[in-house]
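Breakdown of the fold
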Amino acid sequence: MSGNDFFGDLRDLYQEVILDHGRKPRNFRRLEDADSTSRGDNPMCGDRMELFLKMTPDGHIADAAFQGRGCAVSMASASLMTETVKGKTPQEAQALGTAFRDLAMTGQCPTCAASLEDAMERLSPLSGVHEFPSRVKCATLAWHTLNAALAGAKEASSE
Amino acid sequence: MSFDVHRIRQDFPILSQPQHGKPLVFLDSGASAQKPRAVIDAMTRCMETAYANVHRGAYRLSEVATDAYEASRGAVARFINAPDAREVVFTRNSTEAINLVAHSWGRGVMRPDQAVLISELEHHANIVPWQMLRDDRGNPLRVCRVTDSGELDMEDLAAKLADGKVGLVALAHMSNVLGTVTPVERVVALAHAHGAKVLLDGSQAVVHRRVDVAAIGCDFYCFTGHKLYGPTGIGVLWGKLEHLDRMPPFLGGGDMIESVSFEKSTWAKPPARFEAGTPAIIEAVGLHAAIDYVNAIGMPAIEAHERALVDHAMRKLSDVPGLTLLGRAQDRGGVFAFALDNAHPHDLSTLLDRAGICIRAGRHCAEPLHTRFGLEQGTARASFGLYTTPEEVDYLAGALVKAREFFA
């Protein structure tokens, strides 16, 4: 029996994109000249990340990077997040975060604006997490941390 | 009667409930064990035929319930070879038992300059109450080191007792992460020689070993019902009567007083002094049934089964590529925490769940221990019960190999 059959429908959660970003997270580095940083903690499981944002003079996110440790879902989510928020305004990034949390919790995105469609498409491999209530926090930790960074808070918790 | 694990499994209704279409392989008994039919039935019978509040009604049903509650206390006393049933205090769980000692002994009897000595392998339940005592009263907290193999560093223990300033040693009898069984007789001898009392957290040990508090010689011993195949909501604090007698109450209320006036109340004698309010009557009956159940199988038979299972698991898990076992103590029970090189514990737990296997992932309420071993991200943990089979261990090992391929 192959691993795929043995573990039932788990490829729905661990799609190749997730495994790839989990193994090799993008933007996994420290931004020394960051304009804002924030730490995210999931005290239940010990996941921890530090997020760095660099802004353009006109207030767009110029660069986003992170460092930390966690499961494949939390690492992949943080990796995909840093890719999708670049070039966005804080308002756009926050709207994307709200839409993503809906996606992670319900598998659907009723609040999804047309302008977010491309970004949501990239985040959609994480939608399978809604079938795993104990793992939703893994997927949303990065977005909680982003909100904290945009709000100027130093720490966020997914609890 | 020989130990027939497959017959024993039939006593546990939940074990025949498939998970995700696969047979349930329950390897999280260290967190909470499953319940045999005897416990379920005893609690139902109590509610259907023999239930009323205890210690107060002057009617037959209340007397029957009181007798059942007190009979459970007697069964607990015999189970751990306590000389006197009055030394058995019912609590909600081990956590509450430790908090009771931290409050009533720590604040009521110990001097603020006396230290509490714990170890690196403690569960948070045996760390936090002592930190609260320190912050409240100033009692210093000392921490005994654990060796790389996951055993108590006895030299460090001796060194930290040497100045005679330790008032209480509070220690796990068996680690809930490493499986290590601590050398409690030696600890007690050493502690007593330096004027320290000893509290043992037997939450794990009591499930896996015959515990004899008289032979160990400790001052306090605690465990919880739900890990011993009993219900949640009932735990035990055993303490020497001479200690309990000196301790002020933990919680105030009904049942724990001798007399009450608005000026002053006087305390009942132990154990009633520490059992304020209506206790967990049905749960006490369930705990009694659980003890009877374990006794009927026999602790020696359970120990032998588990020893064979532990040896088998050590071999099988060591054969899994990329697996690192946390702790390799000589004396250990059926608890195995491990890390797989390419799978995070939470991913692993989600994956194994789909194969019907329940394991724990995280830091198992022992964050300092994981920090000690450089595993801040946590570990996966498989822990056994008396119903665990070698075939389940094989199935786990096979699933771990497949999980590693899944994440490759």
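Cut-off values and rules
Residues numbered from 1 in each chain as written. Chains lettered and ligands numbered in written order. Predicted model: local features only at pLDDT ≥ 70, side-chain atom pairs only at ≥ 80, totals over all residues. Helix = DSSP H or I, 4+ residues; strand = E, 2+ residues; numbered from the N terminus. Rg over C-alpha atoms; globule rule 2.2 N^0.38 Å. Buried ≥ 20, exposed ≤ 12 C-beta atoms within 10 Å, placed from the backbone. Contact = placed C-beta atoms within 7 Å. Pairing = 2+ DSSP bridges. Right-handed = clockwise from strand over helix to strand, strands pointing away. Arc of directions from axis to C-beta. Axes fitted to C-alpha atoms, helices over the stretch in contact; angles between N-to-C directions. Parallel < 35°, antiparallel > 145°, perpendicular 65-115°, else oblique. Left-handed = near helix turned anticlockwise from the far one by under 90°. Nonpolar A, V, L, I, M, F, W, Y, C, P; charged D, E, K, R; others polar. Core = buried A, V, L, I, M, F, W, Y, C linked by C-beta atoms within 7 Å. Domains from an automatic or database assignment. Expected span 1.5 Å × (residues − 1).

The secondary structure content of chain A amounts to six helices and four strands. The N-to-C order of helical and strand elements in chain A reads α-α-β-β-β-α-α-α-α-β. In terms of C-alpha radius of gyration, chain A reaches 15 Å, essentially the compact-globule figure of 15 Å for 159 residues. Counting across all 159 residues of chain A, residues that qualify as buried make up 45%. Taking as baseline every contact in chain A between residues at least 6 positions apart, the subset at least 24 positions apart corresponds to 60%.

Looking now at the pairing of strand β4 (residues 141-144) of chain B. Residues and elements named next belong to chain B. As paired strands, strand β3 (residues 115-119) and β4 are joined by four bridges and run parallel to one another. Counterpart to S119 in the pairing with β4 is C144. A crossover connection joins β3 to the parallel β4 through helix α5 (residues 128-137); in handedness this β-α-β unit is right-handed.

A few words on α5(B). Residues and elements named next belong to chain B. Here α5 has its buried residues at P129, W130 and L133. Take α5 and look down its axis: the buried residues cluster within an arc of 95°, on one side only. For α5, the secondary structure elements touched by its buried residues are α4 (94-107), β3, β4 and β5 (166-172). The first or second residue beyond α5 is G138, which carries a positive phi of 95°.

Glancing now at the packing of helix α12 (residues 299-318) of chain B against helix α15 (residues 390-407) of chain B. In a packed pair of helices, the relevant descriptors are the angle between the two axes and the axis-to-axis distance. Residues and elements named next belong to chain B. With their axes 10 Å apart at the nearest point, α12 and α15 run at an angle of 15° to one another. Considered as vectors, α12 and α15 are oriented roughly parallel to each other. Where α12 crosses over α15, the handedness of that crossing is right-handed. Within the contact between the two elements, α12 uses L309, H312, A313, K316 and L317 and α15 uses P390, V393, D394 and A397.

All names here are of chain A. Strands sit in the order β3-β2-β1-β4 across an open sheet of four strands; the sheet is mixed. Two strands lie at the open edges of the sheet, namely β3 (61-69) and β4 (155-157), each paired on one side alone. Strand after strand, the sheet turns through a mean of 20° between neighbouring axes, direction not considered. Summarising the sheet, strand β1 (residues 36-42) and β4 pair through three bridges and their orientation is parallel.

Here the focus is the pairing of strand β2 (residues 88-91) of chain B. Residue and element names in this part refer to chain B. Both faces of β2 are covered, namely the face carrying V88 and F90 and the face carrying V89 and T91. Two elements, β2 and strand β8 (residues 235-239), share four bridges in a ladder whose sense is antiparallel. Residue pairing across strands places V89 opposite L237, the latter belonging to β8.

Right, let's talk about the packing of helix α13 (residues 345-354) of chain B against α15(B) for a bit. Residue and element names in this part refer to chain B. One can describe the packing of α13 onto α15 by two numbers: an axis separation of 10 Å at closest approach and a directional angle of 120°. If you check the angle between α13 and α15, you find them oblique. Crossing angle aside, the handedness with which α13 passes α15 is right-handed. Packed against α13, whose contacting residues are D347, L348, L351 and L352, the element α15 presents A399, A403, F406 and F407 at the interface. Among the residues making up the contact of α13 with α15, the classes are represented as seven nonpolar, no polar and one charged.

Time to look at the nonpolar core. Residues and elements named next belong to chain B. Among the nonpolar cores identified, the biggest contains 165 residues, and V169 and A403 are the most heavily contacted of them. Taken together, domain 1 (5-28 + 299-407) and domain 2 (40-295) each give at least three residues to this core, which thus spans both. Ignoring anything within four residues of it in the chain, the contact list for A403 reads L340, A343, L348, L351 and L352.

All names here are of chain B. The assigned domain composition of chain B is domain 1 (5-28 + 299-407) and domain 2 (40-295). Elements with a minimum of two residues in the side of domain 1 that touches domain 2: α12, β12 (335-340) and α14 (367-372). The dominant element in the side of domain 1 that touches domain 2, judged by the number of residues it contributes, is α12, at four residues. Classifying every residue of the side of domain 1 that touches domain 2 gives eleven nonpolar, four polar and seven charged.

This paragraph deals with helix α3 (residues 72-85) of chain A. Taking 1.5 Å of rise per residue, the 14 residues of α3(A) would be expected to cover 20 Å, and the 20 Å separating its terminal C-alpha atoms lies within 8% of that figure. A large share of α3(A) lies buried, amounting to 13 of its 14 residues.

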